[in-house]
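If you want the building blocks of each chain, they are given just below.
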Amino acid sequence: GNSVTQMEGPVTLSEEAFLTINCTYTATGYPSLFWYVQYPGEGLQLLLKATKADDKGSNKGFEATYRKETTSFHLEKGSVQVSDSAVYFCALRNYPGNQFYFGTGTSLTVIP
Amino acid sequence: GAVVSQHPSWVICKSGTSVKIECRSLDFQATTMFWYRQFPKQSLMLMATSNEGSKATYEQGVEKDKFLINHASLTLSTLTVTSAHPEDSSFYICSANHLAGGPGEQYFGPGTRLTVT
């Protein structure tokens, strides 16, 4: 079956610290992988995605590389800001069906 | 960009009553919409897939008679929680598949907080 496991939070970091949020997946076939971000009081927003092995998704200083050999898609950012405080969801989409499977979310708080 | 709205954003109802939640794609057409349920500090759980002009496909364990889904047009899907009970209290989120955005590009609504008293 399809499932996503991501590290539990909450995570609290100081501004300019390095961020890693681990995500591993189980899937049949060749899924696309996504990171979504949910800011307080808002809906999910696509942060970045990768559609095949070794692809690197990047956006707003965040990066994640699709590692088929380790079935992972870890999210990283070199220097976090207070404005990055949000909940981050790792997700996969597998064919057919176009359905998404989400991890449990990791809450990040960045303090000045 | 593609925007998905939900209405209402927050609703309180009494046990035994029904509540309708609307999901609209504001600037694109969506042949497929999805409904999710999110419990506090938990992940989004897919409830059903809604296809315009046809019956919704429900995930295992989701009661189709309790959670009625209607996808009447290419920009509107509705979820009706019938005979609501306190255990139905949750955060309901819809998403719409934007074909022009590429395969699998989905845009999420802001969610609807349902509280059943």
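What counts, and where the lines are drawn
- Residues numbered from 1 in each chain as written.
- Chains lettered and ligands numbered in written order.
- Predicted model: local features only at pLDDT ≥ 70, side-chain atom pairs only at ≥ 80, totals over all residues.
- Heavy atoms only, no water.
- Disulfide = S-S within 2.5 Å.
- Helix = DSSP H or I, 4+ residues; strand = E, 2+ residues; numbered from the N terminus.
- Buried < 20%, exposed > 50% of the residue type's maximum accessible area, 1.4 Å probe, protein only.
- Core = buried A, V, L, I, M, F, W, Y, C linked by side-chain atoms within 4.5 Å.
- Contact = heavy atoms within 4.5 Å.
- 1 Å grid on protein atoms, 1.4 Å probe; cavity = no way out; pocket = protein on both sides within 12 Å on 5 of 7 lines; lining within 4 Å.
- Points joined across faces, edges and corners; volume = space filled by probe spheres on them.
- Nonpolar A, V, L, I, M, F, W, Y, C, P; charged D, E, K, R; others polar.
- Polar contact = N/O pair within 3.5 Å; in protein donor to acceptor, adjacent residues only side chain to side chain.
- Pairing = 2+ DSSP bridges.
- Axes fitted to C-alpha atoms, helices over the stretch in contact; angles between N-to-C directions.

Caption draft 1: Molecular detail of the state of the cysteines. Per the stated rule, a full pass over the model turns up two disulfides over all chains. Here C23(A) pairs with C90(A) through a disulfide, and the sulfurs are 1.9 Å apart. Because the torsion about its S-S bond is -70 degrees, the bridge between C23(A) and C90(A) counts as left-handed. Separated by 67 residues along the polypeptide, C23(A) in strand β4 (residues 23–26) and C90(A) in strand β10 (residues 86–94) bring together distant segments of the chain. Among the residues examined, C23(A) registers a relative accessible area of 1% and is labelled buried. At a sulfur-sulfur separation of 2.0 Å, the disulfide partner of C23(B) is C94(B). As the torsion about the S-S bond is roughly 80 degrees, the C23(B)-C94(B) disulfide counts as right-handed. Taken together, the residues C23(B) in strand β3 (residues 19–25) and C94(B) in strand β9 (residues 90–97) connect sequence positions 71 residues apart.

Caption draft 2: A look at the nonpolar core. Within the largest apolar cluster, 26 residues are counted, with the highest numbers of intra-cluster contacts made by W35(A), L47(A), L48(A), F73(A), L75(A) and Y88(A). When contributions to this core are tallied by element, the ones reaching two or more residues are β2 (11–14), β3 (19–21), β4, β5 (32–38), β6 (44–50), β8 (62–65), β10 and β12 (106–111) of chain A. The leading source of residues in this core is β10(A), at four residues. With sequence-adjacent residues up to four places away left out, Y88(A) is seen in contact with Q6(A), I21(A), W35(A), Y36(A), V37(A), L47(A), F62(A), L75(A), G105(A), T106(A) and L108(A). Grouped together as the second largest cluster of nonpolar side chains are 24 residues, V4(B), Y58(B), A84(B) and L114(B) included.

Caption draft 3: Spatial organisation of the environment of E16(A). Residue and element names in this part refer to chain A. Looking at the secondary structure, you find E16 in the loop between β2 and β3. Residues E16 and I111, spaced 95 residues apart in sequence, show a C-alpha to C-alpha distance of 9.6 Å. Setting aside anything within four residues of it in sequence, one finds E16 in contact with G78, S79, V80 and Q81.

Caption draft 4: Representation of the layout of surface pockets. Residue and element names in this part refer to chain A. Of the volumes computed, that of the largest pocket is approximately 530 Å³. Secondary structure elements with two or more residues in the lining of the largest pocket: β10 and β12. In terms of residue count, the dominant contributor to the lining of the largest pocket is β12 (four residues). Grouping the constituent residues of the lining of the largest pocket by class yields eleven nonpolar, eleven polar and four charged.

Caption draft 5: Region of interest: the interface of chain B and chain A. Between chain B and chain A, the contact holds 20 residues from the first and 17 residues from the second. Linking chain B with chain A are two residue pairs in polar contact (both at pLDDT 80 or more). When residues of the side of chain B that touches chain A are traced back to their parent elements, those giving at least two are β4 (32–38), β5 (44–51), β9 and β10 (106–108) of chain B. Within the side of chain B that touches chain A, the residues separate by chemical class into nine nonpolar, eight polar and three charged.

Caption draft 6: Here's a closer look at the sheet that holds strand β7 (residues 56–59) of chain A. Residues and elements named next belong to chain A. On the basis of which strands lie adjacent, the open sheet formed by four strands has the order β3-β9-β8-β7 and antiparallel pairing. Strands with a single pairing partner mark the edges of an open sheet, and in this sheet they are β3 and β7. With strand direction ignored, the average angle separating the axes of adjacent strands in the sheet is 15 degrees. Relative to strand β9 (residues 75–77), β8 is paired through three bridges, and the arrangement is antiparallel. By the bridge assignment, F62 is partnered in β9 with K77.

Caption draft 7: Focus on the pairing of strand β7 (residues 67–73) of chain B. Pairing of β7(B) with strand β8 (residues 76–81) of chain B, which is carried by five bridges, proceeds in the antiparallel orientation. Looking at β8(B), one finds that I69(B) is bridged to L79(B).

Caption draft 8: Molecular detail of the sheet that holds β8(B). All names here are of chain B. Pairing is antiparallel across the open sheet formed by four strands, whose spatial order is β1-β3-β8-β7. Looking at which strands have only one partner, the edges of the open sheet turn out to be β1 (4–7) and β7. Across the sheet, the mean angle from the axis of one strand to that of its neighbour is 15 degrees, orientation sign disregarded. Where β1 and β3 come together, four bridges link them in antiparallel fashion. Its bridge partner being in β3, S5 is matched across the sheet by R24.

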